[in-house]
Amino acid sequence: MKLQVSIDLLSLEQAMNLLQDVAAYVDVIEAGTPLIKQEGLKVVETFKKFFPDKLIFADMKTMDAGELEAEMAFKANADFTTVLAVSNDATIEGAVAAARKYNKYVTADMIGVHDRVKRAVELEKLGVNYLELHTGLDEQAHGGVSRLDELQTLRGMVKIPLSAAGGIKEDTIQQVEAAGAQIAAVGAAIYAAKSPKEAARRIREKITSS
Ligand SMILES: O=C(CO)[C@H](O)[C@H](O)COP(=O)(O)O
């Protein structure tokens, strides 16, 4: 399983400082949605420039203009962009078309989807590359649930790789891996830790597969 650091900080400078400490322990660097909104896609360009060996994930959370926004992310050198799974199928198709054009990946973020099994099957047919089971920050703040059981259910239903995000910590990372995620996205448990470097190192150590 790959480890993704979700950077939901609000400045490129803070993000780069964090990455000096944690990049060595992660496979994927995520420019979080608030960071992109605050600083623009230059954060994605900068991450790729300074960390060319890492996969760069632009959490665009696209809801409309799928092809245009995905293309913006890929032109900024993102390897992944996200489209919201609740979007219209035409939006998903647009993002998929851009990913194919640039030979990159589109992740469908399942945040806000009610029937996740039904939508997962549809998204697989629409051609997305990854499905992200996500307990969002607001949902977490209101007692949001873990989606580990659903991860296992979906693992048996669709062939496309699954990723997991939302509230993953050092003491849950192994359960996420065991449930079948190919990527675990970890935000606050790394960037808000007393020592982000130590937190990233310990989380990395707990992952057994590559
Ligand atoms: O995409 C996000 C919010 O929409 C976050 O980046 C994702 O939920 C991971 O963050 P955390 O581990 O802090 O929950």
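What counts, and where the lines are drawn
Residue numbers restart at each chain and count upward from 1, following the sequence in its written direction. Residues qualify for local features only when their pLDDT is at least 70, as the model is predicted, and side-chain atom pairs are given and counted only at 80 or more; totals for whole chains, interfaces and linings, by contrast, use all residues. Only hydrogens and water are removed before side-chain values are computed, so all heavy atoms of the structure are retained for them. UniProt positions are given in the numbering used here, feature names are shortened, and annotations may be inferred rather than shown by experiment. Strand pairing requires that DSSP identify at least two bridges connecting the strands. Strands are runs of DSSP state E lasting at least two residues, helices are runs of H or I lasting at least four, and both sets are numbered from the N terminus onward. Inter-axis angles, ranging from 0 to 180 degrees, are taken between N-to-C directions of lines fitted to C-alpha atoms, where helices are fitted over the stretch in contact. Whenever Lys or Arg places a side-chain nitrogen within 4 Å of a carboxyl oxygen from Asp or Glu, that contact is recorded as a salt bridge. For every residue, the accessible area obtained with a 1.4 Å probe (protein chains only) is divided by the maximum for its type, and the residue is called buried under 20%, exposed over 50%, and partly exposed between those limits. We call two residues contacting when some pair of their heavy atoms lies within 4.5 Å. Handedness of a crossover: with both strands directed away from the viewer, a clockwise path from the first strand across the helix to the second marks it as right-handed. One heavy atom within 4 Å of a molecule or strand is enough for the residue carrying it to be called near that molecule or strand. Each polar contact in these results corresponds to two N or O atoms within 3.5 Å; when the atoms are within protein, one needs to be able to donate a hydrogen and the other to accept it, and residues that are neighboring in sequence are counted only if both atoms are side-chain atoms.

The name an unreviewed UniProt entry gives the protein is 3-hexulose-6-phosphate synthase, with Iningainema tapete BLCC-T55 as the organism. UniProt, in its Sequence similarities (unreviewed entry) section for the protein, records the words "Belongs to the HPS/KGPDC family. HPS subfamily." Taken verbatim from the UniProt record of the protein, the Pathway (unreviewed entry) comment is "One-carbon metabolism; formaldehyde assimilation via RuMP pathway; D-fructose 6-phosphate from D-ribulose 5-phosphate and formaldehyde: step 1/2."

So, about the sheet that holds strand β1 (residues 2–7). Judged by pairing direction, the barrel is parallel, and its eight strands sit side by side in the order β1-β2-β3-β4-β5-β6-β7-β8 before closing back on the first. Neighbour-to-neighbour, the strand axes of the sheet open up by a mean angle of 25 degrees, direction not taken into account. The pairing of β1 with strand β2 (residues 28–31) spans four bridges and is parallel. When the sheet's bridge partners are listed, Ser-6 is paired in β2 with Glu-30.

Taken as a whole and assessed by the stated rule, the structure comprises 17 salt bridges. Asp-59 is paired through a salt bridge with Lys-61; the nearest N and O atoms lie 2.7 Å apart. Since its relative accessible area comes to 4%, Asp-59 is described here as buried. With its nearest N and O atoms 3.4 Å apart, the salt bridge here joins Glu-122 to Lys-118. Remark: Lys-118 and Glu-122 occur in helix α6 (residues 116–126); sequence separation between them is four residues, near one turn of the helix. Judged by relative accessible area, Glu-122 falls into the partly exposed class, the value being 29%. Connected via shared salt-bridge partners are Glu-170, Glu-198, Arg-201, Arg-202, Glu-205 and Lys-206.

Moving on: the side chain of His-134. Within the secondary structure, His-134 is located in strand β6 (residues 130–134). What His-134 contacts, discounting residues up to four positions off in sequence, is Lys-61, Asp-109, Ile-111, Glu-139, Arg-147, Ala-165 and Gly-166.

A two-sided burial pattern is seen for β2, the buried positions comprising Val-28 and Glu-30 on one face and Ile-29 and Ala-31 on the other. On the question of chirality, the crossover connecting β1 to the parallel β2 by way of helix α1 (residues 12–22) is right-handed. Strand direction decides the pairing type here: β2 and strand β3 (residues 55–62), joined by four bridges, are parallel. Each residue of the ladder has a partner; that of Glu-30, found in β3, is Phe-57.

So, on to the site of the ligand. Surveying the vicinity of the ligand reveals 13 residues, the closest of which are Asp-8, His-134, Gln-140, Gly-167 and Gly-187. In this structure, His-134 approaches the ligand through a side-chain N or O atom, which is 2.8 Å from an oxygen atom. Looking at the shell around the ligand, the elements with two or more residues in it are β3 and α7 (137–141).

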